[in-house]
Amino acid sequence: MQVLEKELTQVDIKKIRSDFPLLENTMRGKPLVFLDSAASSQKPQVVIDAISEYYEKQHANVHRGVYELSQNATDAFELGRERVRKFLNASSSDEIIFTRGTSESINLVASSYGRKFLNEGDEVVISTMEHHSNIVPWQMICEERKAVLRVIPINDKGEILLEKYRALLSEKTKIVSIVHVSNSLGTINPVKQMIDIAHDHNIPVLIDGAQATLHGKVDVQDLDADFYAFSAHKVYGPTGIGVLYGKREWLERIPPYQGGGEMIETVRFDKTTYNKIPFKFEAGTPNIAGAVGLGVALEYVQSIGYDAISSHEQHLLEYATEGLMQIEGLKIYGTADKKASVISFNVDGIHPYDIGTILDKLGIAVRTGHHCTQPLMEQWNIPGTVRASFAVYNNKEDVDQLIQGVKRAVLMLS
Ligand code: PMP
C-alpha cells in the first residue's frame, strides 16, 4: 500500500519508538497500543533524563541566590525559556511566561485582560469547538464584567464558518479566543486568516495551541498572534508546566494575574510595584524542572522536524480513516479538509464507552467521552465519541490493532 511505503521514508519509526520507554510496557497483559496522545503524549528518554539530571546536579531556587548552584538552576530554567522562544519564533524571551499549562495560560489572559479591558456590554468571541478550558474562563470573566460571550458556529464537517465569524465581530468585540487544532475533531483552524480578520477591527486574538504543537510548526510572529497558549505535556514534555506567549505590548498593559514572590519590584504596606515581564506573571517558585524538561522536549521535536512528523502522522490518519470507514455503521465526527491526526467516531447503536472498554481489554488506549467539549457534542446530539489520536511514535501496527479491535468490539456489542 502506497501509504505505508511513504510512511517508512518519513521518520525512522523504530528509532523513535525506542526513544519512548513507556511504549515497551504491556497493558492488560497485551503490548500497549497508545492512541491517546491528544490527552497527553508519552515522554522520550532524553526528557526523563534531563529532569533527573537537573535534580541530581543542579537544583536550587532560581533568580535568588548568589551561590553558584542557584545560578546554575537559574541558567537551566532560563535556557528552557529561550528554547520555548526559539520554538515559537517569538521575538523576545520576555514574551514567554511559564504557567501550569494551557488552562492556566487562558485563565491568566481572561482574568488580567478581562479585568482591564472588558466592560458591560462588551463581547468575547470563541467558537463552538472550544475545549472547556477556552470556554469557562471567558464565561467567568464575562459574568464578572457583565460582558457577553459570542460563539462562532461550525459546519457538519467541523469547520469554522468564516463568514459567520466576520459577521460576529464589531466594535463591541474586545477579544477573540480560538483553538488552533480541535482536540475532539482534529480540525486545523485557519487561525492566521482569523487573526488577520480580527486585526482589521483592532481586536486581539488568543490562540489555544494545546493540540497544535504536537503536530505542526507554530510561528507566533508569522501568525501575528497576540497570545498563544500551550501545555508541555502534550508535546512530549512533563506535566505541570505550560506556556503563555504574549506580545510585549499586551503583557506590559495587562495587570499581574497572581501576587507573591518574584513578581514584585518593591513591596511596602502602602504600595507594591511589579517586576518587569515575564516575571510580573510568575508569582512564586516556578516549575524549574518542568522548564528544563520542556526545553529538551522541544529540542527533541525539532530534531525530528515537523515536516517529517506531520507527513508521518498524516499517513497514519489516512490509513486509519480508510480502515475505520470500512466498518458498517461507523461514523467519523470531524472531516475537515485540514485535519490533524485525531479521529473521533461512533458506531450505530453502541455507546462509545463500551467500545473503549473492549479496546482497553485488548491493550488499546483510546479516549471515550465528550473530551471536554460538551457544547460541541450537542452539535451532533451525542453524549461523546471514541477518539484515537496519533503522535510521531505510532505506527501502522497500532492502526491495524485499532481497526481489528473496533471490529471485534462491534461484533461483541451488536
Ligand atoms: N485546549 C485544548 C484544545 C486541549 O486539548 C486541552 C487539553 N485536553 C486544553 C486546552 C487544556 O490543557 P491543559 O489540561 O494541559 O491545561
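Keep in mind it's a predicted model, so treat the numbers as computed, not measured.

Enumeration according to the criterion identifies 13 aromatic pairs in this entry. Between Phe87 and Tyr306, the aromatic rings sit 6.2 Å apart at their centres with planes inclined by 50°, giving tilted as the arrangement. On the criterion of sequence distance, the pair formed by Phe87 in helix α4 (residues 68-88) and Tyr306 in helix α13 (residues 306-325) is long-range, its members being 219 residues apart. Taking the relative accessible area as the measure of exposure, Phe87 reaches 1% and is therefore buried. Here Tyr306 falls in the buried class, since its relative accessible area comes to 10%. Ring plane angle 90° and centroid distance 5.7 Å describe the contact between Phe117 and Trp250, whose orientation is recorded as edge-to-face. Residue Phe117 is found in helix α5 (residues 102-117), and its partner Trp250 is found in helix α11 (residues 248-253); the two are separated by 133 residues along the sequence. Comparing Phe117 with Trp250 shows no difference in burial state: the two are buried.

Spanning 18 residues, helix α16 (residues 396-413) covers 26 Å between terminal C-alpha atoms, matching the ideal 26 Å at 1.5 Å per step. Every buried residue of α16 is listed here: Asp398, Val399, Leu402, Ile403, Gly405, Val406, Ala409 and Val410. Taken down its axis, α16 places every buried residue within 165° of arc, on the same side. Within α16, the exposed residues directed more than 90 degrees away from the buried face are Leu411 and Met412.

Turning our attention to the nonpolar core. Among soluble globular proteins, nonpolar side chains are generally buried collectively. Counting 80 residues, the largest nonpolar core has Val84, Leu88, Tyr165, Val176, Tyr228, Phe230 and Tyr236 as its most contacted members. Considering every element that reaches this core, the biggest residue donor is helix α12 (residues 288-304), with 10 residues. In this structure, this core is formed jointly by two domains, domain 1 (2-39 + 305-413) and domain 2 (48-303), each of which donates at least three residues. Sequence-distant contacts of Leu88, that is, excluding residues within four places in its chain, are made with Ile96, Val218, Asp219, Val220, Tyr228, Phe230, Val243 and Tyr245. Ranked by size, the runner-up nonpolar core spans 29 residues in total, among them Leu35, Leu317, Ile350 and Leu402.

When its domains are assigned, the protein chain resolves into domain 1 (2-39 + 305-413) and domain 2 (48-303). The distance between the C-alpha centroids of domain 1 and domain 2 comes to 28 Å. Every contact between the two is made by 38 residues of domain 1 and, on the other side, 35 residues of domain 2. Taken together, both faces of the contact between domain 1 and domain 2 bury some 2800 Å²; the carbon and sulfur share is 55%. On the surface where domain 1 and domain 2 come into contact, there are 24 residue pairs in polar contact (both at pLDDT 80 or more). Looking at the side of domain 1 that touches domain 2, the elements that each hand over two or more residues are α13, β14 (342-347) and α15 (374-380).

Residues in contact with the ligand, as listed here, are Thr102, Ser103, His131, Ser133, Val179, Asn183, Asp208, Ala210, Gln211, Ser231, His233 and Lys234. Measuring from an oxygen atom of the ligand, one finds a side-chain N or O atom of His233 at 2.8 Å. Along the lines of polarity and charge, the residues of the shell around the ligand split into two nonpolar, eight polar and two charged.

There is a patch of nonpolar side chains on the surface, built from Leu411, Met412 and Leu413 and spanning about 340 Å² of accessible area. A residue is classified by how much of its surface remains accessible, and Met412, at 56% relative accessible area, is exposed.

Below, the discussion takes up unusual backbone geometry. Backbone torsion omega between Ile277 and Pro278 reads 5°, so that peptide bond is classified as cis. Turning to its location among the elements, Pro278 is positioned in the loop between β12 (272-274) and α12. One non-glycine residue, Asn89, lies in positive phi territory at about 55°. In this fold, Asn89 is placed in the loop between α4 and β4 (96-99). When its relative accessible area of 28% is taken as the criterion, Asn89 is described as partly exposed. With a phi close to 60°, Asn381 is a non-glycine residue in the positive phi region.

This next bit is on the sheet that holds strand β13 (residues 330-333). Taking strand neighbours across the sheet as the criterion, the four strands line up as β13-β14-β17-β16 in an open arrangement whose pairing is antiparallel. The open sheet has two edge strands with one neighbour each: β13 and β16 (367-369). Along the sheet, successive strands turn relative to each other by an average axial angle of 30°, direction set aside. As judged from the four bridges shared by β14 and strand β17 (residues 385-389), these two strands associate in the antiparallel manner. By the bridge assignment, Ser344 is partnered in β17 with Arg387.

Basis of the calculations
- Residues numbered from 1 in each chain as written.
- Predicted model: local features only at pLDDT ≥ 70, side-chain atom pairs only at ≥ 80, totals over all residues.
- Heavy atoms only, no water.
- Phe/Tyr/Trp six-rings, centres within 6.5 Å; stacked < 30°, edge-to-face > 60°.
- Helix = DSSP H or I, 4+ residues; strand = E, 2+ residues; numbered from the N terminus.
- Buried < 20%, exposed > 50% of the residue type's maximum accessible area, 1.4 Å probe, protein only.
- Expected span 1.5 Å × (residues − 1).
- Arc of directions from axis to C-beta.
- Core = buried A, V, L, I, M, F, W, Y, C linked by side-chain atoms within 4.5 Å.
- Domains from an automatic or database assignment.
- Contact = heavy atoms within 4.5 Å.
- Buried area = accessible area lost by both parts, 1.4 Å probe.
- Polar contact = N/O pair within 3.5 Å; in protein donor to acceptor, adjacent residues only side chain to side chain.
- Near = heavy atom within 4 Å.
- Nonpolar A, V, L, I, M, F, W, Y, C, P; charged D, E, K, R; others polar.
- Patch = residues over 30% accessible without salt bridge, like charges linked within 9 Å, V, L, I, M, F, W, Y side chains within 5 Å.
- Areas by Shrake-Rupley, 256 points an atom, 1.4 Å probe, with all protein chains shown as cover.
- Salt bridge = Lys/Arg side-chain N within 4 Å of Asp/Glu carboxyl O.
- Pairing = 2+ DSSP bridges.
- Axes fitted to C-alpha atoms, helices over the stretch in contact; angles between N-to-C directions.

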